[in-house]
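Residues per chain, in single letters:
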Amino acid sequence: MTAKEQTLLDEDAIRRTLTRISHEMIEKNKGMDHCILLGIRTRGYPLAERLAANIKRIEGVDLPVGSVDITLYRDDLEKKQSDPKIQDLELPASIEGKKVILVDDVLYTGRTVRAAMDALMDKGRPNQIQLAVLADRGHRELPIRADYVGKNVPTARSEQIRVQLHQSDDIDKVSIVQHN
């Protein structure tokens, strides 16, 4: 089986996209008071860190950044693996009454986001939950939409969106992979 890969976003495009999303967050929230960024493991966390760095550069605000591992909250856990590696929710501050902005690399069916919201609600009751994604590929199975989208990428179910980031892959690139 061969795969054909096409680059959608290179390093510069990812930087520009995250800068735009940062500005959109600031505008929508009328500043970033009472906001917390939570990246969904694995690639959502470094994206959340980059967004926080952009917001600090733009607004001069140190935004709390944490992470959420949704492994135990997945509805397909038994299909994924028999012995999952669990990392707990890393909250930089209480989420009570805060605006939590979940950050993920790709929005697909919505099940990962639902699992992240379930994990959050077990830790407290935020005032609002927003969602930022680098790529939205469609094919939703749940009524979930992103508040901030880097790139909308209509895909076939047979295609895959591959996000590579410097922190884990030594390159910044978003590509679409067609499996033949």
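This one's a predicted model, so the numbers in the text were calculated from it and none came from an experiment. (Residues numbered from 1 in each chain as written. Predicted model: local features only at pLDDT ≥ 70, side-chain atom pairs only at ≥ 80, totals over all residues. Heavy atoms only, no water.)

(A) Just the sheet that holds strand S6 (residues 148-152), in detail. Taken in spatial order, the 5 strands line up as S3-S2-S4-S5-S6 in an open sheet, and their pairing is parallel. If you trace the sheet from one side to the other, it starts and ends with strand S3 (65-68) and S6, each paired once. When strand polarity is set aside, the average angle formed by the axes of neighbouring strands in this sheet is 25°. By the bridge criterion, 8 bridges tie strand S4 (residues 99-107) to strand S5 (residues 128-136) in an arrangement that is parallel. Of the residues in S5, the one forming a bridge with Val100 is Ile129. Along the sheet face, helix H1 (residues 11-28) touches strand S2 (35-40), S4, S5 and S6 and points at about 150° away from the line of S6. Relative to the sheet, helix H4 (residues 111-121) contacts S2, S3, S4 and S5, its axis offset from that of S4 by approximately 155°. (Pairing = 2+ DSSP bridges. Helix = DSSP H or I, 4+ residues; strand = E, 2+ residues; numbered from the N terminus. Axes fitted to C-alpha atoms, helices over the stretch in contact; angles between N-to-C directions. Contact = heavy atoms within 4.5 Å.)

(B) Local environment of the environment of Leu9. Mapping Leu9 onto the fold places it in strand S1 (residues 3-9). With relative accessibility at 7%, the residue Leu9 sits in the buried group. For the pair Leu9 and Lys28, spaced 19 residues apart in sequence, the C-alpha separation works out to 25 Å. If sequence neighbours within four positions are ignored, Leu9 has contacts with Ile14, Thr17, Leu134, Lys151, Asp172, Lys173 and Val174. (Buried < 20%, exposed > 50% of the residue type's maximum accessible area, 1.4 Å probe, protein only.)

(C) Representation of the UniProt feature "short sequence motif: PRPP-binding" (unreviewed entry) in the protein chain in the model. When the UniProt feature table is mapped to this numbering, "short sequence motif: PRPP-binding" (unreviewed entry) covers residues 100-112. The span residues 100-112 carries 15% helix and 62% strand; its end-to-end C-alpha distance comes to 16 Å. (UniProt positions renumbered as here; feature names shortened; annotations may be inferred.)

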